[in-house]
Amino acid sequence: MDRVFPDGKEAVFFGWDKSGDAAGSPELYVIDLAGGETRRLAPQLSIRMTSEGFPMAPTADNRSVLIDLPSGDLHQIVAIPRSGLGPVRVLMTLTTQPWTIDAGPDGSIYLDQVDRPYQILRFPTSGGTPEVLATSPASSLG
(Lines give C-alpha, C1' and ligand atoms only; values in the text may rest on other atoms or scores of the structure.)
Protein backbone atom coordinates (compact mmCIF):
# COMPACT_ATOMS: atom_id res chain seq x y z
CA MET A 1 0.00 0.00 0.00
CA ASP A 2 1.99 2.90 -1.27
CA ARG A 3 1.50 5.98 -3.39
CA VAL A 4 4.08 8.24 -5.03
CA PHE A 5 3.80 12.02 -4.60
CA PRO A 6 3.19 13.88 -7.89
CA ASP A 7 6.69 15.40 -7.78
CA GLY A 8 8.18 11.87 -7.90
CA LYS A 9 10.63 12.50 -5.04
CA GLU A 10 8.92 10.56 -2.26
CA ALA A 11 6.26 7.95 -1.71
CA VAL A 12 3.95 7.40 1.23
CA PHE A 13 3.24 3.91 2.54
CA PHE A 14 1.45 2.16 5.38
CA GLY A 15 3.56 -0.64 6.80
CA TRP A 16 6.92 -1.12 8.46
CA ASP A 17 10.11 0.82 7.79
CA LYS A 18 13.46 -0.77 6.95
CA SER A 19 14.22 -1.44 10.62
CA GLY A 20 12.11 -4.54 10.07
CA ASP A 21 10.18 -4.43 13.36
CA ALA A 22 7.16 -6.26 11.96
CA ALA A 23 6.20 -7.29 15.49
CA GLY A 24 4.65 -3.88 16.07
CA SER A 25 1.72 -2.31 14.32
CA PRO A 26 2.14 -0.88 10.83
CA GLU A 27 2.59 2.89 10.64
CA LEU A 28 2.36 5.66 8.04
CA TYR A 29 5.74 6.54 6.50
CA VAL A 30 7.26 8.67 3.75
CA ILE A 31 10.24 7.25 1.89
CA ASP A 32 12.76 9.28 -0.10
CA LEU A 33 12.92 7.46 -3.45
CA ALA A 34 16.49 8.53 -4.21
CA GLY A 35 18.13 7.74 -0.88
CA GLY A 36 15.76 5.23 0.71
CA GLU A 37 15.45 7.10 4.03
CA THR A 38 12.09 6.82 5.77
CA ARG A 39 10.35 9.03 8.27
CA ARG A 40 7.17 8.38 10.17
CA LEU A 41 4.20 10.65 9.54
CA ALA A 42 1.80 11.65 12.31
CA PRO A 43 3.22 9.53 15.15
CA GLN A 44 0.69 11.19 17.45
CA LEU A 45 -2.18 9.44 15.63
CA SER A 46 -3.36 5.90 16.17
CA ILE A 47 -3.64 4.84 12.54
CA ARG A 48 -4.98 1.38 11.87
CA MET A 49 -6.16 -0.66 8.95
CA THR A 50 -9.96 -0.96 8.91
CA SER A 51 -10.60 -2.72 5.61
CA GLU A 52 -8.89 -4.99 3.11
CA GLY A 53 -6.97 -1.99 1.78
CA PHE A 54 -5.62 1.20 3.21
CA PRO A 55 -7.10 4.19 1.36
CA MET A 56 -4.60 7.02 1.02
CA ALA A 57 -3.61 9.60 -1.56
CA PRO A 58 -0.98 12.31 -1.82
CA THR A 59 -2.47 15.66 -2.76
CA ALA A 60 -1.68 17.23 -6.14
CA ASP A 61 0.15 20.12 -4.45
CA ASN A 62 2.60 17.62 -2.86
CA ARG A 63 1.86 19.02 0.61
CA SER A 64 -0.36 16.41 2.26
CA VAL A 65 -1.47 12.80 2.43
CA LEU A 66 -5.17 11.99 2.67
CA ILE A 67 -6.20 8.97 4.74
CA ASP A 68 -9.25 7.54 6.48
CA LEU A 69 -9.01 7.98 10.24
CA PRO A 70 -11.82 6.08 12.00
CA SER A 71 -13.50 7.96 14.83
CA GLY A 72 -15.95 5.76 16.70
CA ASP A 73 -18.58 4.61 14.19
CA LEU A 74 -17.60 7.38 11.76
CA HIS A 75 -14.70 7.80 9.34
CA GLN A 76 -12.84 11.08 8.98
CA ILE A 77 -10.90 11.90 5.84
CA VAL A 78 -7.90 13.81 7.12
CA ALA A 79 -4.99 15.63 5.49
CA ILE A 80 -1.65 14.91 7.15
CA PRO A 81 1.15 17.35 6.26
CA ARG A 82 3.86 15.67 4.17
CA SER A 83 6.50 17.59 6.12
CA GLY A 84 5.23 16.20 9.40
CA LEU A 85 4.81 19.78 10.64
CA GLY A 86 1.50 21.45 11.32
CA PRO A 87 -1.89 20.16 12.34
CA VAL A 88 -3.80 17.24 10.86
CA ARG A 89 -6.89 18.69 9.16
CA VAL A 90 -10.29 16.94 9.07
CA LEU A 91 -11.70 17.43 5.57
CA MET A 92 -14.92 15.43 5.84
CA THR A 93 -16.70 12.87 7.96
CA LEU A 94 -18.29 9.75 6.47
CA THR A 95 -20.76 7.22 7.85
CA THR A 96 -19.10 4.22 6.16
CA GLN A 97 -15.48 3.46 5.43
CA PRO A 98 -13.97 4.38 2.07
CA TRP A 99 -12.24 1.66 0.10
CA THR A 100 -10.18 3.91 -2.11
CA ILE A 101 -9.33 7.59 -2.18
CA ASP A 102 -7.67 9.87 -4.69
CA ALA A 103 -6.98 13.58 -5.04
CA GLY A 104 -7.55 15.47 -8.27
CA PRO A 105 -5.25 18.18 -9.66
CA ASP A 106 -7.85 20.83 -8.77
CA GLY A 107 -8.05 19.72 -5.12
CA SER A 108 -11.12 17.50 -5.60
CA ILE A 109 -11.28 14.38 -3.45
CA TYR A 110 -12.54 11.16 -5.01
CA LEU A 111 -13.48 8.17 -2.88
CA ASP A 112 -15.79 5.21 -2.89
CA GLN A 113 -17.69 3.59 -0.08
CA VAL A 114 -19.08 0.09 0.18
CA ASP A 115 -21.64 -1.08 2.68
CA ARG A 116 -21.70 -4.88 3.01
CA PRO A 117 -24.07 -6.01 5.73
CA TYR A 118 -24.43 -9.76 6.14
CA GLN A 119 -27.62 -11.79 6.32
CA ILE A 120 -28.24 -15.47 6.86
CA LEU A 121 -31.20 -16.59 4.82
CA ARG A 122 -33.23 -19.79 4.62
CA PHE A 123 -34.62 -20.48 1.17
CA PRO A 124 -37.82 -22.54 1.01
CA THR A 125 -37.41 -25.67 -1.14
CA SER A 126 -40.70 -24.82 -2.82
CA GLY A 127 -39.40 -21.38 -3.85
CA GLY A 128 -40.71 -18.02 -2.76
CA THR A 129 -39.36 -15.40 -0.39
CA PRO A 130 -36.40 -16.42 1.79
CA GLU A 131 -36.65 -16.15 5.57
CA VAL A 132 -34.11 -13.85 7.27
CA LEU A 133 -32.50 -15.79 10.15
CA ALA A 134 -29.87 -13.25 11.20
CA THR A 135 -28.44 -9.88 10.16
CA SER A 136 -25.16 -8.22 11.08
CA PRO A 137 -23.71 -4.77 10.39
CA ALA A 138 -21.20 -4.11 7.63
CA SER A 139 -17.98 -6.06 7.53
CA SER A 140 -14.92 -4.34 8.94
CA LEU A 141 -11.47 -5.25 10.20
CA GLY A 142 -11.69 -2.41 12.75
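So, how was this worked out
Residues numbered from 1 in each chain as written. Predicted model: local features only at pLDDT ≥ 70, side-chain atom pairs only at ≥ 80, totals over all residues. Heavy atoms only, no water. Helix = DSSP H or I, 4+ residues; strand = E, 2+ residues; numbered from the N terminus. Buried < 20%, exposed > 50% of the residue type's maximum accessible area, 1.4 Å probe, protein only. Polar contact = N/O pair within 3.5 Å; in protein donor to acceptor, adjacent residues only side chain to side chain. Pairing = 2+ DSSP bridges. Axes fitted to C-alpha atoms, helices over the stretch in contact; angles between N-to-C directions. Phe/Tyr/Trp six-rings, centres within 6.5 Å; stacked < 30°, edge-to-face > 60°.

### Describing the environment of Gly 35
Okay, so step 1: Examined against the element boundaries, Gly 35 turns out to sit in the loop between β3 (27-32) and β4 (38-40).
Okay, so step 2: For Gly 35, a relative accessible area of 42% puts it in the partly exposed group.
Okay, so step 3: Along the chain, Gly 35 and Pro 130 lie 95 residues apart, while their C-alpha atoms are 60 Å from each other.

### Points about the side chain of Glu 10
Okay, so step 1: Looking at the element boundaries, Glu 10 is found in strand β2 (residues 10-15).
Okay, so step 2: For Glu 10, a relative accessible area of 11% corresponds to the buried category.
Okay, so step 3: Reaching out from Glu 10, the side chain makes a polar contact with the side chain of Arg 82 at a distance of 2.7 Å.

### Notes on the sheet that holds strand β7 (residues 74-81)
Okay, so step 1: What the four strands build is an open sheet, ordered β5-β6-β7-β8; its pairing is antiparallel. The sheet terminates laterally at β5 (56-58) and β8 (89-94), the two strands that pair on one side only. Taken over all neighbouring pairs, the strand axes of this sheet differ in orientation by 25° on average, direction set aside.
Okay, so step 2: Both strand β6 (residues 64-71) and β7 contribute to a ladder of eight bridges, which runs antiparallel. Residue pairing for β7: Asp 68 is matched across the bridge by Ile 77.

### Quick look at the packing of aromatic side chains
Okay, so step 1: Following the criterion strictly, the structure yields two aromatic pairs and no others.
Okay, so step 2: Judged by centre distance (5.4 Å) and plane angle (20°), the ring pair of Phe 13 and Tyr 29 falls under stacked. Placement of Phe 13 in strand β2 and of Tyr 29 in strand β3 is noted, with a sequence separation of 16 residues between them. Exposure class is identical for Phe 13 and Tyr 29. Each is buried.
Okay, so step 3: Centre to centre, the rings of Phe 14 and Phe 54 are 4.0 Å apart; their planes meet at 0°, and the pair counts as stacked. Placement of the pair is Phe 14 in strand β2 and Phe 54 in the loop between β4 and β5, with a sequence separation of 40 residues.
Okay, so step 4: By relative accessible area, Phe 14 is classed as buried at 6%.

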